Amino acid sequence: MYKGGIMTTEKKGSFYYALDEEGNKIPPTPRVKATCPCCGTEVYAACGKIIKHHWRHKNTSDSHCDEWYDMTLWHLQWQELFPVESREVVMQKGEIRHRADVKIGNLIIEFQHSSLSNPKVKERELFYGCDANKIIWIIDATNNRVFDWWIEYLKTEKLRPIFIVDKESNIYFQTEGYVDIPLICNINELPKGLVVNPEYPTFIDLGEYIACPLEKITYEMTRTIYSNKWGHRKKRSKKEMSEYDQDFIYAQDFILVKKNDFVKIIYDIPTELDSFKSMKICDEEALNRREYCKEERKKFLIKMMEEHEDYASRTMDEMEEIYMKYIVKQQGKKKMQENLRRFPL
């Protein structure tokens with residue numbers, strides 16, 4: 001059975017790895033006794049000719065033991081890029097168990113094909129991000145979920161060194177990628193709720209390339225924010241209304257890295273950082289802009305300490321904290337104003 005160009009299993013609750021009698025993780029294998037690694041009940045291998053082979057629970061009432069898990073061919077293709085022991089890893093918090101799509105060390109990778117509401121996103125991040133674990137999202141934008149106009153921008157002059165950096169601009173990995181590539185999403189297809197205002201690092205799978213978010217805000221390095229207008233049409237004259245051109249649709253700029261290079265990057269993501277959420281993939285221009293903003297901010301804070309008695313005895317670290325609280329407050333006001341504009345009382 002095919003759905004939206006993706007070969008899927010027939011029923012929710014199907015999965016690809018079970019445990020044999022010795023506790024080994026095994027793919028669907030006919031006539032082999034196996035159990036579900038999530039709930040421990042007996043399963044059997046469904047190995048037909050049309051649908052991708054998978055495991056099913058013998059007792060259908062057990063098939064909902066992990067409501068979060070959704071197996072598609074896209075998921076499996078990603079999982080095959082990692083060692084078997086890293087795929088479909090069962091995580092437990094109290095009495096609740098869920099399968100992480102991929103777990104490498106303390107890094108959880110969630111592959112999201114379908115739409116997911118913000119509350120459900122937060123629920124998963126709280127579950128997988130507990131203890132010392134960290135999480136990143138990879139969103140399925142294949143099958144025309146992002147219009148292919150971006151391909152024409154893949155020019156040699158846009159190919160530059162790319163770095164994994166933390167909040168302090170320490171470099172952990174270097175590769176190369178295309179910078180400032182505009183993407184236009186199909187708002188009816190892409191699970192946009194995950195990328196408009198992500199809490200954790202979020203990447204978009206375009207097929208051969210992975211889209212990594214560009215840094216949008218130079219004075220606040222802890223988040224990446226996309227425009228709510230992304231993918232929507234711009235206001236046009238009646239004469240232009242019949243046209244459907246990329247110039248009339250809001251785009252977002254990304255860094256594009258080849259998928260094989262991105263998989264290598266994953267192993268170097270600094271999961272030990274307390275400021276893991278602020279981890280970024282950026283180019284030299286962004287690093288230089290960071291340094292410039294850092295120096296300008298330092299000058300501004302020193303001036304504040306010299307001109308205002310209330311700040312004279314403060315340390316630079318304390319001034320940085322005051323400054324960041326002010327920025328967060330201003331962002332909250334801006335977001336509230338935008339929400340009032342979009343959803344008036």
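Please refer to the structure placed before this passage.
On a predicted model such as this, the values are computed, not experimentally measured, just so you know.

Things to note about the sheet that holds strand 12 (residues 159-165)
Within the open sheet, the 10 strands sit side by side as 8-9-10-11-14-15-16-13-12-17. Their pairing is mixed. At either margin of the open sheet sits one strand with a lone partner, and together these are strand 8 (87-93) and strand 17 (280-283). On average, each strand axis in the sheet is inclined to that of its neighbour by 45°, with strand direction left out of account. Sheet topology note: the strand 15 (residues 209-213)/strand 16 (residues 252-258) ladder contains five bridges and is antiparallel. If you follow I210 over to strand 16, its bridge partner there is V257.

Quick word on the pairing of strand 10 (residues 107-112)
Counting buried residues along strand 10, six of its six residues qualify, which places the element largely inside the surrounding structure. As judged from the three bridges shared by strand 9 (residues 96-104) and strand 10, these two strands associate in the antiparallel manner. If you follow I104 over to strand 10, its bridge partner there is L107. Hairpin connection, strand 9 to strand 10: the antiparallel pair is bridged by two residues, and G105 has positive phi, about 65°. Pairing of strand 10 with strand 11 (residues 134-140) involves six bridges; the strand directions are parallel. Bridging from a neighbouring strand, F111 pairs with I138 of strand 11. Once the chain exits strand 10 it traverses helix 2 (residues 118-128) before rejoining the sheet at strand 11, and the crossover so formed is right-handed.

Notes on the pattern of salt bridges
When their charged atoms lie close together, side chains carrying opposite charge are able to pair. All told, the structure shown has nine salt bridges when counted by the stated rule. With a shortest N-O distance of 4.0 Å, E125 and K122 are connected by a salt bridge. Linking E125 with K122, this pair stays in helix 2, spanning three residues, or about one helical turn. The class for E125 is buried, based on a relative accessible area of 6%. Assessed through its relative accessible area of 37%, K122 is described here as partly exposed. The salt bridge involving R160 is made with E285; its shortest N-O contact spans 3.9 Å. Note that R160 is positioned in strand 12 and E285 in helix 4 (residues 284-307), a separation of 125 residues in sequence. Because the salt bridges share partners, they merge into one network encompassing R160, D283 and E285.

What to know about the nonpolar core
Counting 40 residues, the largest nonpolar core has W78, F82, I109, F262 and I269 as the members making the most contacts within it. W78 has contacts with F111, I138, D205, I210, K259, F262 and V263, leaving out every residue within four places of it along the chain.

What counts as what
Residues numbered from 1 in each chain as written. Predicted model: local features only at pLDDT ≥ 70, side-chain atom pairs only at ≥ 80, totals over all residues. Heavy atoms only, no water. Pairing = 2+ DSSP bridges. Helix = DSSP H or I, 4+ residues; strand = E, 2+ residues; numbered from the N terminus. Axes fitted to C-alpha atoms, helices over the stretch in contact; angles between N-to-C directions. Buried < 20%, exposed > 50% of the residue type's maximum accessible area, 1.4 Å probe, protein only. Right-handed = clockwise from strand over helix to strand, strands pointing away. Salt bridge = Lys/Arg side-chain N within 4 Å of Asp/Glu carboxyl O. Core = buried A, V, L, I, M, F, W, Y, C linked by side-chain atoms within 4.5 Å. Contact = heavy atoms within 4.5 Å.

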